[in-house]
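# Structure at a glance
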Amino acid sequence: IGHRGTGTLEISGNGTFSAIGNTFIGNFSGAVGSISVSGGTLSSGLALFVGRSGDGTLEISGTGAVFAPGINASAASGSASAINLLGGTLTVGSIQ
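Notes on the structure in this doc start here. (Residues numbered from 1 in each chain as written. Predicted model: local features only at pLDDT ≥ 70, side-chain atom pairs only at ≥ 80, totals over all residues. Heavy atoms only, no water.)

### Some remarks on the packing of aromatic side chains
Quick reminder of the rule: Two rings from Phe, Tyr or Trp (for Trp, the six-membered ring) form a pair when their centres are within 6.5 Å of each other. A pair whose planes differ by under 30 degrees is stacked, one over 60 is edge-to-face, and the rest are tilted. Charge over a ring is defined by NZ of Lys or CZ of Arg lying within 6 Å of the ring centre and within 35 degrees of the ring normal.
Evaluation of the coordinates by the stated rule reveals one aromatic pair. The residue whose ring lies beneath Arg-4 is Phe-28, and the NZ or CZ to ring-centre distance is 4.0 Å. A cation sits over an aromatic face here: Arg-52 above Phe-49, 5.9 Å from the ring centre.

Rendered as structure tokens:
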């Protein structure tokens, strides 16, 4: 989401987003991505990158649930990330 440009994903109700591999929010330099999970589920099979080289925001609220083996926030110099847990659940193995 926000691979080379700007992207937004909103998951609500019983919505589901599942990735087999890594999930990127704000992948490349200059990219801006955001994911909001207010209901339903976001599942990443591998790492969830929030602001890999760009800027990324992950917001979880209501009954939203996010599952990932690990979260990597602001992976590269100059990137920015925000993880806002306003409700719901965040289940990860590690945060870097």
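There's plenty left to go through after this.
### So, the nonpolar core
Inclusion rule: To define a nonpolar core, start from buried Ala, Val, Leu, Ile, Met, Phe, Trp, Tyr and Cys residues and group those joined through side-chain atoms within 4.5 Å. When a residue's accessible area, from a 1.4 Å probe over protein chains only, is under 20% of the maximum for its type it is buried; when over 50% it is exposed; and in between it is partly exposed. In what follows, residue pairs with any heavy atoms lying within 4.5 Å of each other are defined as contacts.
Ile-35, Leu-42, Leu-48, Leu-58 and Val-66 are the most contacted members of the largest nonpolar core, which totals 13 residues. Leaving out residues up to four positions away in the same chain, Val-66 has contacts with Val-37, Leu-42, Leu-48, Leu-58, Ile-60, Thr-89, Leu-90 and Thr-91.

### Some thoughts on the pairing of strand β1 (residues 6-11)
Stated precisely, the cut-off is as follows: Helical segments are the DSSP runs of H or I of at least four residues, strand segments are the runs of E of at least two, and each set is numbered from the N terminus. DSSP bridges decide pairing: two strands pair if at least two such bridges lie between them.
Burial of β1 is one-sided: the residues Gly-7, Leu-9 and Ile-11 facing one way are buried, the residues Thr-6, Thr-8 and Glu-10 facing the other way are not. Two elements, β1 and strand β4 (residues 32-37), share six bridges in a ladder whose sense is parallel. Bridge pairing in β4 places Gly-7 opposite Gly-33.

### Side note on the side chain of Thr-23
Cut-off, in case you're wondering: Counting of polar contacts relies on pairs of N or O atoms within 3.5 Å, with two restrictions inside protein: one atom must be capable of donating a hydrogen and the other of accepting it, and residues adjacent in sequence are counted only when both atoms are side-chain atoms.
Turning to its location among the elements, Thr-23 is positioned in strand β3 (residues 23-25). In this structure the side chain of Thr-23 is engaged in a polar contact, spanning 2.9 Å, whose partner is the side chain of Ser-44. Sequence-distant contacts of Thr-23, that is, excluding residues within four places in its chain, are made with Phe-17, Ser-44, Ala-47, Leu-48 and Phe-49.

### Regarding the sheet that holds strand β10 (residues 80-85)
Sheets are built from strands paired through backbone hydrogen bonds, the pairs being either parallel or antiparallel. We apply this condition: In this description, a line fitted to the C-alpha atoms serves as the axis of each element, helices being fitted only across the stretch in contact, and the angle between N-to-C directions of two axes falls anywhere from 0 to 180 degrees.
Ordered in space as β1-β4-β7-β10, the four strands form an open sheet in which the pairing is parallel. If you trace the sheet from one side to the other, it starts and ends with β1 and β10, each paired once. Strand-to-strand twist across the sheet, computed as the mean angle between neighbouring axes with direction ignored, equals 5°. Two strands pair when backbone bridges link them, and strand β7 (residues 55-60) and β10 are joined in this way by six bridges, in the parallel orientation. In the sheet register, Thr-57 faces β10, and the bridge partner there is Ala-82.

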